[in-house]
Amino acid sequence: MPKLRVGIVNFLNSKPLAWGFLKGHHADLFAPSYHPPAMVARLLSQGNLDVGLVPSIEVQKIPGLKVLPDLCVAATHEVRSVLLVSERPWKEVRRVALDQNSRTSAALARIVFRERWGIDPEMSQERPEIDRMLADADAALLIGDAALKVDRSRYQVLDLAAEWQTMTGLPFVFAVWAVRPEVDFPDLAFYFKSSLRYGLSSLDVLVREAAAELDLDTAEVRTYLENLSYFLRQDEIAGLEEFYRRAHAHGLILEPKPLEFLGS
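Computed from a predicted model, the values in this text were never measured in an experiment. (Residues numbered from 1 in each chain as written. Predicted model: local features only at pLDDT ≥ 70, side-chain atom pairs only at ≥ 80, totals over all residues. Heavy atoms only, no water.)

### Digging into the packing of helix 1 (residues 15–22) against helix 7 (residues 188–201)
Inference 1: Running from N to C, helix 1 and helix 7 cross one another at 105°; their axes reach a closest spacing of 6 Å. Put simply, helix 1 runs roughly perpendicular to helix 7. Where helix 1 approaches helix 7, its residues P16, L17, A18, W19, G20 and F21 are matched on the opposing element by Y191, F192, S195, L196, Y198, G199 and L200.
Inference 2: Its residues assigned to classes, the contact of helix 1 with helix 7 comprises 10 nonpolar, 3 polar and no charged. (Axes fitted to C-alpha atoms, helices over the stretch in contact; angles between N-to-C directions. Helix = DSSP H or I, 4+ residues; strand = E, 2+ residues; numbered from the N terminus. Parallel < 35°, antiparallel > 145°, perpendicular 65-115°, else oblique. Contact = heavy atoms within 4.5 Å. Nonpolar A, V, L, I, M, F, W, Y, C, P; charged D, E, K, R; others polar.)

Following this line, the structure appears as structure tokens:
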């Protein structure tokens, strides 16, 4: 059997989910590779990956994907790594520079601007460099590790997961493991759940390595990871379905398709 090609997002928030693969577990079965979230989605849609940790909105855009049950990257309150940043009042924002790696967060930002302030700013994709982004735009959307390094004392900052919680009372699901329809691999979900279990049980090591790699304080890294939810439970599924409903209402996706879980 050829190795299954697994696309892993190269952000801190995905490390607990992917820890087993990152540490070489089951290397005879899986060939992991590491990409920004938008690239994982693109490679999966092109058939260059078999499984990918994709932005949750891409499940509605890429035909035939099945979701691995029970696993995700979600936030039940403030996430700290998906931020709108500005130097002016939000109602005055007319142009937003989006992190070019964003897909789900870009849609969420659009929903928040429309529903919270009744405005629809122009949006364009840029490299995630905050000074460059704000030189040409009124606000910037930063995600992942770049958002963790934002100096919050310099800007007005809105945490989009916290805003979603205020708007809906539900968690926000940023990413899920998605599988191409032609993949036939026995007990696939077992290996991915095992990877997460290993990540959570190895959190001390994971935190030390990630803090050194990103030049962040270990306490900050631990708090960030412990505040995330990696389990796709009833509330997370409800939050995901509500996101799809609102994205459709705002013309960001077609009529939402029901989630199709692998093995169901």
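Next comes the rest of the account.
### Points about the pairing of strand 3 (residues 51–55)
Inference 1: Across the 5 residues that make up strand 3, a large majority, 5, are buried.
Inference 2: Relative to strand 3, strand 1 (residues 4–9) runs parallel, the two being bridged by 2 bridges. Residue pairing in the sheet places V6 in a bridge with V51 of strand 3.
Inference 3: Note: strand 3 against strand 11 (residues 172–179), 5 bridges, orientation antiparallel. Bridging from a neighbouring strand, G52 pairs with A178 of strand 11. (Buried < 20%, exposed > 50% of the residue type's maximum accessible area, 1.4 Å probe, protein only. Pairing = 2+ DSSP bridges.)

### A look at the packing of aromatic side chains
Inference 1: For the coordinates displayed, the defined rule picks out 17 aromatic pairs.
Inference 2: When the centroid spacing of 4.9 Å and the interplanar angle of 70° are considered together, the rings of F172 and F243 count as edge-to-face. Linking F172 in strand 11 with F243 in helix 10 (residues 234–249), this pair joins segments that are 71 residues apart in sequence.
Inference 3: With relative accessibility at 1%, the residue F243 sits in the buried group. (Phe/Tyr/Trp six-rings, centres within 6.5 Å; stacked < 30°, edge-to-face > 60°.)

### So, the sheet that holds strand 9 (residues 139–143)
Inference 1: In spatial order, the strands read 8-7-9-6-10; together these 5 strands make up an open sheet with mixed pairing. Looking at which strands have only one partner, the edges of the open sheet turn out to be strand 8 (122–126) and strand 10 (156–159). Each neighbouring strand pair of the sheet contributes to a mean axis angle of 25°, computed without reference to strand direction.
Inference 2: Relative to strand 10, strand 6 (residues 82–86) is paired through 4 bridges, and the arrangement is antiparallel.

### Comments concerning the nonpolar core
Inference 1: Membership of the largest hydrophobic core comes to 91 residues, with the highest contact counts inside it found for W177, L188, F192 and L225.
Inference 2: Residues in contact with L188, not counting those within four places in the same chain, are L4, F30, V51, L68, V179, V183 and L262.
Inference 3: Core analysis: the second largest hydrophobic core is formed by 12 residues, A97, M133, A137 and A140 among them. (Core = buried A, V, L, I, M, F, W, Y, C linked by side-chain atoms within 4.5 Å.)

### Here we look at helix 3 (residues 104–117)
Inference 1: Taking 1.5 Å of rise per residue, the 14 residues of helix 3 would be expected to cover 20 Å, and the 20 Å separating its terminal C-alpha atoms lies within 8% of that figure.
Inference 2: Of all the residues in helix 3, the buried ones are T104, S105, A106, A107, L108, A109, R110, I111, V112, F113 and W117.
Inference 3: After helix 3 finishes, the residue G118 shows a positive phi value of roughly 65°. (Expected span 1.5 Å × (residues − 1).)

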